[in-house]
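Survey of secondary and tertiary structure
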Amino acid sequence: MNSGPMTFLAAFFALALSWLGFVLAPQLQLGNQQQVENRDTASPYPVMRAGLARQGEQVYRANGCNYCHTEQVRYKGFGADVERGWGARNGFVQSVNEDYLYDRPVMLGSQRVGPDLANIGVRQTNENILLLHLYDPRLTMPGSIMPPYRYLFEKRKLMFGQKPSVDALPQSVAVPAGYEIIPTDDARALVAYLLSLRSDAPLFETPPLPGATNKPPAQATNAPTKAGAPFTAEQLTNLPPK
Amino acid sequence: MSATSSTAQSLPTGDAASPAPVPVAEIDASARGPLLFLFVSAAIWLFIASIFGMIATLKFHAPGMLADCPLFTYGRVHPAAANALIYGFAMQAGLGVLIWVLAHLGRTHLHLLPAIGLGAKLWNIGVTLGVIGILCGDSTGYEWLEMPRYATVFLFVGYILIALGGVVTFHNRRVSQLNSSQWFALAALFWFPWIFASAEFLLVAHPVRGALQAAIGDWYANNLKNIWFGFTGLAVIFYFIPKLVERPLHSHYNSLFVFWTLALFGSWGGIPPGTPLPAWLPAMSTMGAVVTIVPILAVAVNMCRTLEGAGPKFRECRALKFFSFGAMAYVIAGIASAVTAFGDVSKITNFTWFIPAITQLFLYGFFAISMLGAVYYIVPRLLQVEFPKPNAICLTFLLTAFGILFYSVPLAIGGIKQGFALNDPNRAFLDVMQSTLLFFRISTLGDLLMLLASLVFLLNLFGLLVQVGRTAYSAAMAANTRTAEVTP
């Protein structure tokens, strides 16, 4: 290797090999993947996200949620992802390429400072709890180390005698007297995105385990050891009691 | 490819054909402008990266800190710090040192100076736009490729211009015999545009479908780390260590072997097992990573043999410490990251603090510290003056070295603990996170030391520039007075 062109060729050859194997070959294998049928319901999967959830995906990206939360559940026996209740398929295989077909960008994440979110839309279906969690994580999850996202909310002073808006965060939980906390469009979009995160459709590549029921484990272990969900349904709304 | 025989045949004819080597001082004088620009801006970016890194770390002490300001939320300030470190400091300083090494090994002037100067400016515009873009929420969402599209155009053109200067300098070399540093340098110069263009095109311009995006992202990050940073760092270490201990590199064939095996296998993937991709991808990645253990050990052998008995040199030569520390960190970080590619290990370490601890050891402990040493060596030669406070060089070394130790060691231990705890479903997730917080908080001390190191480095460079400026100013004033006296 005593000439410049020779060195260049060596580098070219090595890089071309790596490029062919790790960039081109996967494209040839999976680059044209299309929607498939849900094995149970025969409805198409995955479905493209609705408008608000797609905006929320961009809020998730812009604020770098993926630096602390993954969106991938590893297969059963590889880590305790399934045992923690993060998976929503009753199979050995959990997340597959199909789940990310319409994600722009795909944010698998590389760090689990917070729990996995691949199926947060299955575990948590209450929009208000998610909004509260974004406003102050320690309200819904005492001891959480997640930073609060107060900039996704607007704090407004209430006139004397004025009732808080129906959109505001529940008055009984978070809010100092005389104020109301209104989620911005970004907060609503982000929550819509979180609710849309569910990779639970049984597919050809995720065959069910024999003898298992088609349900995720009943008890997720994300909650702190002591207190469970601290709110009742009445506490989570500003609507007058029925 | 036999080096000895080709040396014997080609040297006399080659030297007769090519013009005489340029004197060292003249090379340095020719390279002064663009290199100083690269190094000083790199130092500024290092400081900015450390500040951002510090803010990101403090979020783990007080999550509510700066929570009303979207610019400084963890998910923005953390990637901003990483990008400022990678593109602002590491690649910028790396490019500067590479072209300086190419000029010196070829014993020729630095060529295409205007292109290099323009490239350096474009690069800095790109990094500035990119970091501001990330802070404003324009990040692309792919790790290490966060910079928005409008910034990457500047980066790409800037890189091409600087690399072109390096390649033309190499082509016009006046010593035909090639040194192992030159292979590494050339390969690194060539590697980046390809991986960067591929990744940008397939992720940002025309995104591919599904989790394949993650495969390309991992491939890019792995190539940037193992090949660009690895090769550039090795080129610099293989150049400086033999030069400073005044003896040739222990084995030429050893470095040839390292070059080929790393180029062929070090570039394979970096896709962790368990990723939602076809299983052959992580499997091939793991295989590539395991093979790289051999060249990494070869580097260790080569460096140990070259440094053997060079103890006294460490006392008289400050720069040598930087490079030896870098070589050591390269071996440790390289082996650790190869081991984490095994499925049984990855099961524990993946998604934990262990991975960032090792990445930081590689980026900071191997690459950045070698660049600091190189810049400390090169800048006084460019300006023909010594640093006003030589002890500050030792201070930079100590702060950086201890900073890395205090950062990586607690995080690595905490990461392993965290990994075992996460795999035990009986332990609540929140309890696991709270128990690893302690380790993370210790690592803040490392962040603080590295922040101080970057400040000392920056002040040292500024001090030197101010001194040179003052000397030039008083010389000009003296000349002025003299002419004023003569004219009447």
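Everything numeric in this text was worked out from a predicted model, so none of it was measured.

The rules behind the values
- Sequence order as written defines the numbering, with residues in each chain counted from 1.
- To label them, take the chains in the order written and letter them from A, then take the ligands in the order written and number them from 1.
- Two thresholds apply to this predicted model, a pLDDT of at least 70 for residue-level local features and 80 or more for giving and counting side-chain atom pairs, whereas whole-chain, interface and lining totals are computed over all residues.
- As a rule here, side-chain values come from all non-hydrogen atoms in the structure, and water together with hydrogens is ignored.
- Put simply, DSSP marks the helices as runs of H or I at least four residues long and the strands as runs of E at least two long, and each gets a number from the N terminus on.
- For every residue, the accessible area obtained with a 1.4 Å probe (protein chains only) is divided by the maximum for its type, and the residue is called buried under 20%, exposed over 50%, and partly exposed between those limits.
- Note on definitions: a residue-residue contact is assigned when non-hydrogen atoms from the two residues lie within 4.5 Å.
- The size measure is the radius of gyration over C-alpha atoms, and the globule rule it meets is 2.2 Å times the number of residues to the 0.38 power.
- Only the protein chains shown count as cover for residues, and the accessible areas themselves come from Shrake-Rupley with a 1.4 Å probe.
- Neither His nor the chain ends is counted toward charge; the positive residues are Lys and Arg and the negative residues Asp and Glu.
- Charged groups are reduced to one reference atom each: NZ for lysine, CZ for arginine, CG for aspartic acid, CD for glutamic acid.
- Summed over both partners, the accessible area (1.4 Å probe) lost when two parts come together is defined as the buried area.
- Within this document, salt bridges are pairs made up of a side-chain nitrogen of Lys or Arg and a carboxyl oxygen of Asp or Glu, the two lying within 4 Å of each other.
- We define a polar contact as two N or O atoms separated by no more than 3.5 Å, with the added condition that, inside protein, one atom must be a possible hydrogen donor and the other a possible acceptor, whereas residues neighbouring each other in sequence contribute only through side-chain atom pairs.
- The predictor's confidence in any single residue is recorded as pLDDT, a number from 0 to 100.
- Remark: nonpolar core denotes a set of buried residues (Ala, Val, Leu, Ile, Met, Phe, Trp, Tyr, Cys) joined through side-chain atoms within 4.5 Å.
- Simply put, an axis is a line fit to the C-alpha atoms, just over the touching stretch for a helix, and the angle between two N-to-C directions goes from 0 to 180 degrees.
- Orientation categories follow fixed angle ranges, with anything under 35 degrees roughly parallel, anything over 145 roughly antiparallel, 65 to 115 roughly perpendicular, and all other angles oblique.
- Note on convention: near helix rotated counterclockwise from far helix by under a right angle means a left-handed crossing. Clockwise means right-handed.
- Gly counts as polar in this scheme, as do all residues outside two lists: the nonpolar Ala, Val, Leu, Ile, Met, Phe, Trp, Tyr, Cys and Pro, and the charged Asp, Glu, Lys and Arg.

**Quick word on the overall build of chain A**
Regarding its fold elements, chain A presents six helices and four strands. Along its sequence from the N terminus, chain A presents helices and strands in the succession α-β-β-α-α-α-α-β-β-α. Relative to its 242 residues, chain A shows a buried fraction of 51%. Residue pairs in contact within chain A that sit at least 24 positions apart in sequence constitute 73% of those at least 6 positions apart.

**A closer look at the overall build of chain B**
Regarding its fold elements, chain B presents 16 helices and zero strands. A compact globule built from 488 residues would reach a C-alpha radius of gyration of about 23 Å, and chain B, at 23 Å, matches this within 12%. Projected onto the principal axes, the alpha-carbon positions of chain B cover approximately 90 × 60 × 50 Å. Among the 488 residues that make up chain B, the fraction classed as buried is 61%. Surface accessibility of chain B: about 17,400 Å² in total, with carbon and sulfur atoms responsible for 71%. Measuring between centres, the 25 positive side-chain charges of chain B sit 5 Å from its 18 negative side-chain charges.

**Some points on the interface of chain A and chain B**
As a measure of interface size, the accessible area lost when the parts come together is often cited. Taken together, the contacts link 82 residues of chain A with 90 residues of chain B. Summed over both partners, the interface of chain A with chain B buries about 7,100 Å², with 65% contributed by carbon and sulfur atoms. Across the chain A-chain B interface, the total number found is one salt bridge. A salt bridge links arginine 150 of chain A to aspartate 68 of chain B; its shortest N-O distance comes to 3.0 Å. The tally of links between chain A and chain B comes to 22 residue pairs in polar contact (both at pLDDT 80 or more). Counting residues per element, the ones that place at least two in the side of chain A that touches chain B are helix H1 (4-30) and helix H2 (51-62) of chain A. In terms of residue count, the dominant contributor to the side of chain A that touches chain B is H1 of chain A (22 residues).

**Thoughts on the pattern of salt bridges**
Residue and element names in this part refer to chain A. A complete count under the given rule lists 12 salt bridges over all chains for this structure. Between arginine 74 and aspartate 81 there is a salt bridge whose closest N-O contact spans 3.3 Å. Assigned by exposure class, arginine 74 and aspartate 81 land together as buried. A network of salt bridges, in which partner residues are shared, links Arg74, Asp81, Arg112 and Asp116.

**Looking at the confidence of the model for chain A**
In the predicted model, chain A carries a mean pLDDT of 86, and the fraction of residues at 70 or more is 88%. Every residue in residues 223-228 of chain A scores below 50 in pLDDT, and together they form seven contacts with partners more than four places removed in sequence or on other chains.

**Concerning the nonpolar core**
Counting 185 residues, the largest nonpolar core has Tyr87, Phe89, Tyr220, Leu224 and Phe240 of chain B as the members making the most contacts within it. With 22 residues, helix H7 (residues 212-245) of chain B is the single largest residue contributor to this core. What phenylalanine 240 of chain B contacts, discounting residues up to four positions off in sequence, is Val97, Trp100, Val101, Phe323, Ala374, Tyr377 and Ile378 of chain B. In this structure, Leu152, Leu169, Leu194 and Phe231 of chain A belong to the second largest nonpolar core, which totals 29 residues.

**A word on the packing of helix H3 (residues 74-105) of chain B against helix H5 (residues 149-171) of chain B**
All names here are of chain B. The N-to-C vectors of H3 and H5 enclose an angle of 15°; their axes lie 8 Å apart at closest approach. By the angle between their directions, the pair H3 and H5 is classed as roughly parallel. Note that H3 runs across H5; the crossing there is left-handed. Listed contacts from H5 to Tyr87, Met91, Leu95, Ile99, Leu102 and Ala103 of H3 are Leu155, Tyr159, Ile162, Gly166, Thr169 and Phe170. Of the residues belonging to the contact of H3 with H5, the class tally is 10 nonpolar, two polar and no charged.

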